[in-house]
Amino acid sequence: MAKKNLADSLPAPKSRRMVELALTLIAVALCPASMWLIDSEAIAEGETTWLLATAVLGGGALLIHIVLHLRARYADPFILPCVVALNALGLAMIYRIDLTTSANAGASQIIWTGVAMVAAAAVIFFLKDHKVLRKITYISLAASLVLLLLPLLPFIGLELNGARIWISVAGRTFQPGEIAKITLAIFFAGYLSIHRDLIMLAGKKVGPVRLPRFKDLAPMFVAWLASIGVLVFQRDLGSAILFFGLFMAMLYLATESRTWVALGLIFVAAGGVLAYNFISHVNYRIYAWIHAFDPEIYNQAYGGSGQIIQGLFGLAAGGLFGKGWGNGRPDLVAFSNSDMIITALGEELGLVGLAAILMLFLLVITRGLRAALGTRDSFGKLLAGGLSAVMVLQLFVVIGGVTRLIPLTGLTTPFMSAGGSSLLANWVIVAILLAISHTARAPHVVEMYDDQQDSIDYSGSENDGATSVISRISSTSAGGENE
Amino acid sequence: MASEITVTLLRFAFLALLWSFVFLILAASRRDLGVGKNFRATRAAAAPSSQPESRAAGQQTPPPPARPTQLVITDGAQAGSVLRLGDQPITLGRASDIEVSLQDDYASGRHARLFPQGSRWFLEDLGSTNGTFVGGTRLTRATPIEPGTDFRVGRTTMQLRA
């Protein structure tokens, strides 16, 4: 009977939360499985790190699942399992690197995973409708600028490994630039969704190309200056690429205009030439990248290419199927648990394993773009597209860097690298994508939502208006139509 | 402790687990790939069997079965979209916090309202700048809309379907 009714009507969208739960359980299981493969003897002797990691990851995943069930029932069911799997593999690799090196990042990474997942759950809980973010368009611009400037301040700013992108508060370090990714995406989405038409249509047309007005160019100029500022004052090429790339991607998403992309590339080229000629560390980075195999560069203590070349050797040693968990030599690579975690994974899981990891990233990103396609408001589209673009760009910069496709810059691999700020920021990005995908997949009529109190209330004031209108109709339209 | 063969087997088993996880997700997401398929709502499954008397007695007339149940956008930026109608009034316009949020710069924020009355939907202009048109005439008062009749809000043309 019920089945027949369903068949008669349009197919109802399913929430598919149970699919999500099942896939998430498999993803969580990857964590103890990897840790057991890394060191089964220690586990047999009562080592409990694996238990803690699994409990935190599983508990966090369950919390997010429950919050999704309560507050965003139609959210995309595939984002959470993919991200949990990536986080699980990251935790396992950091644990593994702790065993053979002096690094001690495992415990804090587990804590940050818990914090980040609780933060993601909180964002989903309070962000029932992503359109409220539109109201903070200019607040988030201000927040981005503050976050970018914080590391340059004298007392809390901190310079580590040549880049001034950290702040240090009460002995803990944090990278505010990671949070700035999110606030900048919100600002660009809010700004472009309002000014889109103007940017698209205003300006002189010369042949097939519509030249933009200078007024509309200004924000692009500001974004460019900000990126160059990051490059000069914080000496962080990766973040500079990320911020400008984010702006270009969102501008293209908003306007579909190749002219703007071409203009952006000219800006990038100009910035690149300026940086190469006038900023010594950029110049040196590129020199070390091209001449990476020179013994002189390789053996250089600071800023040499030893790290990246050892990473490449690691990838080569891993081959197709990898050395297996715990059998590689990530201890030979500097920063193998943060910047170079991809080569450590490639060494132990091989090309096959690394390809699976990239597939998981690809799935998260396609689901993000799918949410952008499905949601109806242009702000949500731009925000989901922009956040997905941030993830793509960051992956490209990191993996391109460690495989020597582009000069290596210190960005983290989302969800995997050791580092609390990166984990937190990326989990919040996932939470926002989940919230947007809920509006994309949910049935549209508002009455269908669980609690009507949050949506527009029709039962109260609007009712008199309607009845008065109806009384007017019943007197005037009696003869007007045939039934 | 484990022998060489077990270690190798476990190594490949882990890679197999990783890839089967990827393929499970791909298989599960396969049917979700169509764009715009979810552009509809679901009262339909519950509506015919539910007891209208139990809800909000007196506020809304119980829905007779013959009333059109779909709003179809036939022309404009969102052409082809289908919206399933329930038994509540819906507002059309450019604002983002209403039921039918149009991507149409010629529509006012809260442009028009569709509300159910008996077996019909009535369309009412909410004081929009560019007006609401049914078959070429500008609405001055709430008007019943028959299924299949085009009406226009801004530059978006829509019709009701049974």
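Along each chain, residue indices are assigned from 1 in the same order as the chain's sequence is written. Key to labels: chains lettered from A, ligands numbered from 1, both in the order written. Where totals are concerned, whole chains, interfaces and linings use all residues; where local detail is concerned, this predicted model gives features only for residues with pLDDT of at least 70, and gives and counts side-chain atom pairs only at 80 or more.

### Some remarks on the overall build of chain A
Helical segments are the DSSP runs of H or I of at least four residues, strand segments are the runs of E of at least two, and each set is numbered from the N terminus. From N to C terminus, chain A includes 18 helices and five strands. The proportion of buried residues among the 483 residues of chain A is 48%. Here the contact rule is simple: place C-beta atoms from the backbone, and any two residues whose C-beta atoms are within 7 Å are in contact. Sequence-distant contacts in chain A: of pairs separated by 6 or more residues, those separated by 24 or more amount to 71%. Here the C-beta atoms are placed from the backbone, and a residue counts as buried if at least 20 other C-beta atoms lie within 10 Å of its own, exposed if 12 or fewer do, and partly exposed otherwise.

### A few points about the overall build of chain B
The helix and strand inventory of chain B stands at two helices and eleven strands. Ordered by position in the sequence, the α and β elements of chain B form the string α-α-β-β-β-β-β-β-β-β-β-β-β. For chain B, restricting intrachain contacts to residue pairs at least 6 apart in sequence, the fraction spanning at least 24 positions comes to 45%.

### Points about the nonpolar core
Here is a general trend for soluble globular proteins: nonpolar side chains tend to be buried in one another's company. When buried Ala, Val, Leu, Ile, Met, Phe, Trp, Tyr and Cys residues are joined through C-beta atoms within 7 Å, the set is termed a nonpolar core. Counting residues in hydrophobic clusters, the biggest one holds 142 residues, and the most contacted among them are A:Ala88, A:Ala120, A:Ile124, A:Leu246, A:Met250, A:Leu383 and A:Ile432. Sequence-distant contacts of A:Leu383, that is, excluding residues within four places in its chain, are made with A:His130, A:Leu133, A:Ala185, A:Ile186, A:Ala189, A:Ile432 and A:Ile436. The next biggest cluster of nonpolar side chains, apart from the first, holds 21 residues, and it includes B:Ile73, B:Leu102, B:Ala107 and B:Leu160.

### A few points about the UniProt feature "domain: FHA" (unreviewed entry) in chain B
UniProt positions are given in the numbering used here, feature names are shortened, and annotations may be inferred rather than shown by experiment. Look at the UniProt record and you will see "domain: FHA" (unreviewed entry) annotated at residues 90-139 of chain B. A distance of 17 Å separates the end C-alpha atoms of residues 90-139 of chain B, which is 0% helix and 46% strand.

### Looking at the sheet that holds strand 11 (residues 156-161) of chain B
All names here are of chain B. Reading across the sheet, the six strands line up as 2-1-11-10-7-8 and stay open at both edges, with antiparallel pairing between neighbours. Lying at the two open borders of the sheet, with one neighbouring strand each, are strand 2 (82-84) and strand 8 (137-138). Pairing of strand 7 (residues 132-134) with strand 8, which is carried by two bridges, proceeds in the antiparallel orientation. By the bridge assignment, Phe133 is partnered in strand 8 with Arg138. One requirement defines pairing of two strands: DSSP has to find at least two bridges between them.

### So, the environment of A:Val146
Inspection of the secondary structure puts A:Val146 in helix 7 (residues 137-149). Taking C-alpha positions, A:Val146 is 14 Å from A:Phe174, a pair spaced 28 residues apart along the chain.

### Structural notes on the confidence of the model for chain B
Residues and elements named next belong to chain B. Of all residues in chain B, 77% have pLDDT values of 70 or greater, and the mean over the chain is 76. Confidence scores differ between elements of chain B, with helix 2 (residues 43-46) showing the lowest mean pLDDT of 41 and helix 1 (residues 4-29) the highest of 91. pLDDT is a residue-level measure of predictor confidence that goes from 0 to 100. Low pLDDT, under 50, characterises residues 35-59; the stretch is placed with 46 contacts to residues that sit more than four places away or in other chains. In the predicted assembly, ipTM is 0.82 and pTM is 0.75.

### Let's talk about the UniProt feature "transmembrane region" (unreviewed entry) in chain B
According to UniProt, the "transmembrane region" (unreviewed entry) feature falls on residues 12-29 of chain B. The distance from the first to the last C-alpha atom of residues 12-29 of chain B is 26 Å, and the span holds 100% helix and 0% strand.

### Describing the pairing of strand 3 (residues 90-93) of chain B
Each regular strand carries side chains that alternate between the two faces of the sheet. All names here are of chain B. Side chains Ile90 and Leu92 of strand 3 all project onto a buried face; the interleaved residues Thr91 and Gly93 project onto the opposite face, where all are buried too. Relative to strand 5 (residues 112-117), strand 3 runs antiparallel, the two being bridged by three bridges. Paired with Ile90 across the strands is Leu114, a residue of strand 5. Note: strand 3 against strand 4 (residues 100-101), two bridges, orientation parallel. Along strand 4, the bridge assignment pairs Leu92 with Val100.

### Structural notes on the sheet that holds strand 1 (residues 157-160) of chain A
All names here are of chain A. Reading across from one edge, 1-2-3 is the order of the three strands in this open sheet, with antiparallel pairing throughout. Looking along the sheet, the strands with just one partner apiece sit at the ends: strand 1 and strand 3 (172-174). Adjacent strand axes in the sheet meet at a mean angle of 45° when their direction is disregarded. The pairing of strand 1 with strand 2 (residues 163-169) spans three bridges and is antiparallel. Paired with Gly157 across the bridge in strand 2 is Ile167. A fitted line through C-alpha atoms serves as each axis, taken over the contacting stretch for helices, and the angle formed by two N-to-C directions is quoted from 0 to 180°.

### A closer look at the packing of helix 5 (residues 79-100) of chain A against helix 6 (residues 106-126) of chain A
All names here are of chain A. Taken N-terminus to C-terminus, the directions of helix 5 and helix 6 make an angle of 160°; their axes are 9 Å apart at the nearest point. It follows from the interaxial angle that helix 5 and helix 6 lie roughly antiparallel. Helix 6 is crossed by helix 5, and the crossing has left-handed handedness. Counting all contacts with helix 5, which are made through Asn87, Leu91, Ile94, Tyr95 and Asp98, the residues of helix 6 involved are Gly106, Gln109, Ile110 and Thr113. Among the residues making up the contact of helix 5 with helix 6, the classes are represented as four nonpolar, four polar and one charged. Orientation labels follow simple angle bins: below 35 degrees gives roughly parallel, above 145 gives roughly antiparallel, 65 to 115 gives roughly perpendicular, and whatever is left gives oblique. By the definition used in this description, the sense in which the near helix is turned from the far one sets the handedness, with an anticlockwise turn below a right angle giving left-handed and a clockwise turn giving right-handed. Residues are sorted three ways: Asp, Glu, Lys and Arg are charged, Ala, Val, Leu, Ile, Met, Phe, Trp, Tyr, Cys and Pro are nonpolar, and all the rest, Gly among them, are polar.

### Here we look at the pairing of strand 6 (residues 120-125) of chain B
All names here are of chain B. Of all six residues in strand 6, six are buried, a share of seventy percent or more. Of the two faces of strand 6, both are covered, the one formed by Arg120, Phe122 and Glu124 as well as the one formed by Trp121, Leu123 and Asp125. Here strand 5 runs beside strand 6; their pairing, made up of six bridges, is antiparallel. The residue of strand 6 that forms the bridge with Arg113 is Glu124. Bridge count for strand 6 against strand 9 (residues 143-145) is three bridges, and the pairing is antiparallel. Bridge pairing in strand 9 places Phe122 opposite Pro144.

### A few points about unusual backbone geometry
Residues apart from glycine generally show negative phi values, whereas peptide bonds are mostly found in trans. Residue and element names in this part refer to chain A. With a phi angle near 55°, Phe335 is a residue other than glycine that sits in the positive phi range. Looking at the secondary structure, you find Phe335 in the loop between helix 14 (306-318) and helix 15 (341-374). On the neighbour-count criterion, Phe335 (17 C-beta atoms within 10 Å) is partly exposed. Of note in the backbone geometry, Phe415 takes a positive phi value of approximately 70° without being a glycine.

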